[in-house]
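Architecture and fold: a report
Here is what each chain is made of, one letter per residue.
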Amino acid sequence: MSEEVIAIEGGHKLNGTVTISGAKNATVALIPSIVLSDEPVEIYNVPEISDVDALTVLLEELNCVVERDISVGEIGVDPRNMKNIPLVSDAVDKLRASYYFMGALLGKYKEVTIRMPGGCYLGPRPIDLHLKGFEALGADINYDEETGTYHLKADELIGTEIYLDFASVGATINIMLAAVKAKGRTVIENAAKEPEIIDVANLLTKMGARIRGVGTDTITIDGVEHMHGAYHEIIPDRIEAGTFLIIAAAIGEKMVIQNIIPQHLDALISKLKEMGIKMEKIGDSIVVYGNDGNLKPVEVKTQIYPGFATDLQQPLTTLLTQGNGQSKVSETIYKERFKHCAQLNKMGADIELGEACAYIKGKTPLHGARVMATDLRCGAALVVAGLMAEGKTEITNVYHIDRGYDNIDHKLITLGAHITRYMIDD
Ligand code: EPZ
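Below is a summary of the structure that appears in this document. Note that the coordinates shown come from a computational prediction; the quantities given were computed from them, not determined experimentally.

Structural notes on the overall build of the protein chain
Along its length, the protein chain carries 14 helices and 23 strands. With respect to the three principal axes, the spread of C-alpha positions in the protein chain is 65 × 45 × 40 Å. In the protein chain, which comprises 426 residues, the share counted as buried stands at 58%. When the accessible surface of the protein chain is split by element, carbon and sulfur atoms take 49% of a total near 16,600 Å². Between the averaged position of the 41 positive side-chain charges in the protein chain and that of its 59 negative side-chain charges there is a distance of 5 Å.

Let's talk about helix α4 (residues 100–109)
For α4, the tally of buried residues reaches nine of 10 residues, placing the bulk of the element in the interior. Within α4, burial applies to Tyr100, Phe101, Met102, Gly103, Ala104, Leu105, Leu106, Gly107 and Lys108. Of the surrounding secondary structure, the elements contacted by the buried residues of α4 are α1 (24–33), α2 (50–61), β6 (111–115), α5 (128–137), β8 (149–153) and α6 (169–179). Looking one or two residues beyond α4, the residue adopting positive phi is Lys110, at roughly 65°.

Comments concerning the sheet that holds β8
Read from one edge to the other, the open sheet built from three strands follows the order β6-β8-β7, with strand pairing classed as antiparallel. Here the strands that pair on one side only, and so sit at the sheet edges, are β6 and β7 (140–144). When strand polarity is set aside, the average angle formed by the axes of neighbouring strands in this sheet is 15°. As paired strands, β7 and β8 are joined by five bridges and run antiparallel to one another. By the bridge assignment for β8, Tyr143 is matched with Tyr150.

The rules behind these values
Residues numbered from 1 in each chain as written. Predicted model: local features only at pLDDT ≥ 70, side-chain atom pairs only at ≥ 80, totals over all residues. Heavy atoms only, no water. Helix = DSSP H or I, 4+ residues; strand = E, 2+ residues; numbered from the N terminus. Buried < 20%, exposed > 50% of the residue type's maximum accessible area, 1.4 Å probe, protein only. Areas by Shrake-Rupley, 256 points an atom, 1.4 Å probe, with all protein chains shown as cover. Lys, Arg positive; Asp, Glu negative; His and termini not counted. Charge placed at Lys NZ, Arg CZ, Asp CG, Glu CD. Contact = heavy atoms within 4.5 Å. Pairing = 2+ DSSP bridges. Axes fitted to C-alpha atoms, helices over the stretch in contact; angles between N-to-C directions.

Right under this line is the structure:
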């Protein structure tokens, strides 16, 4: 068997401007949301990532007409002849977010059959909060263990109060999708506040939903009978932007990260400043002036938004290998999200794992090696490492990276990185 690798010749300083694409974690919820509409919906600033390919397959299985123009990042979906068929194909397995069809189809048809979703393994990722929410709205839930398939059915969905034990991004969005066409008022307490949730609510509102309080702990949804066509532009990807900020801090001389909402990155920006990185916010851009070889170690704890994003702790870990002293990264969202550390150690890092945390001893020079992207943001951490390391780094399992980063090779090459892709034998 042969497989594709991303190969990076490290040590080349990066300069120039990078434009950030639409947010993956908004996109993967916005696309399933469209099925709630009775009319065509168009979305702009859609990133060119393989998660969108998988969602497009699922829309087509549901008999939606999908038109996608990758060159301008547009997707148009016509759901007028939709059929509520069971979603049990391999496309469901390709990403976690296929579960947003659960809420959206339940909302529209009061019935859905769907296989358990796939996605990155970050430790156990239960969906109990989603299911409790659907149940509270009136759905009966059956799970067929043999096929790994859920069947949800309700005579009608009736608005109610739902308290989330944890402010889960996925559960907040999924319950919102089911509730927009429920009878009466649904109140989600302890809702998540991530910017991607606000983006989804914005599209739903344009489609006719009545939603208040998104971005706070309490979201109130008054059900409507029909939803109509809309146009929507996706917010910039704060995690892609954060990854490029870290790359700029690691190996940039002067880099401009543009088309972003800087406020979404406040937690990362303050950590980078604490490490000694100089940067400037200018409108919808941030200019980063690299590092002077004298980075300070820091302690980071991941939190729900607006705290430090769990998705950015992995690429930040790579930068912390260059701090002068010991840094610590603690996870409160995904306690096992540390698979990147063993890969970084293969490249010369000195990282020890503790209980839901990693101790990073710096500074250690990094050298090229063959390493594996065990999940999407591990892939990002290894790209940062490859750019900094001496010699050649080969990253396997690149499909994880392509799930979430739009044209990452091209963007980095434009900044001066030396990157190629080729096939290797396993
Ligand atoms: C979203 O995952 C993102 N994925 C993740 O991004 C991100 O890491 C995560 O939010 C946290 O910000 C998408 O948006 C598609 P959660 P999600 O529900 O919705 C527990 C990336 O790299 N939980 O907020 O799955 C769960 O196990 C990805 O882009 C339950 O216990 O995250 C976790 O510990 C990976 N029961 C915590 O809550 C549930 O029913 C937060 O999960 C749901 C979640």
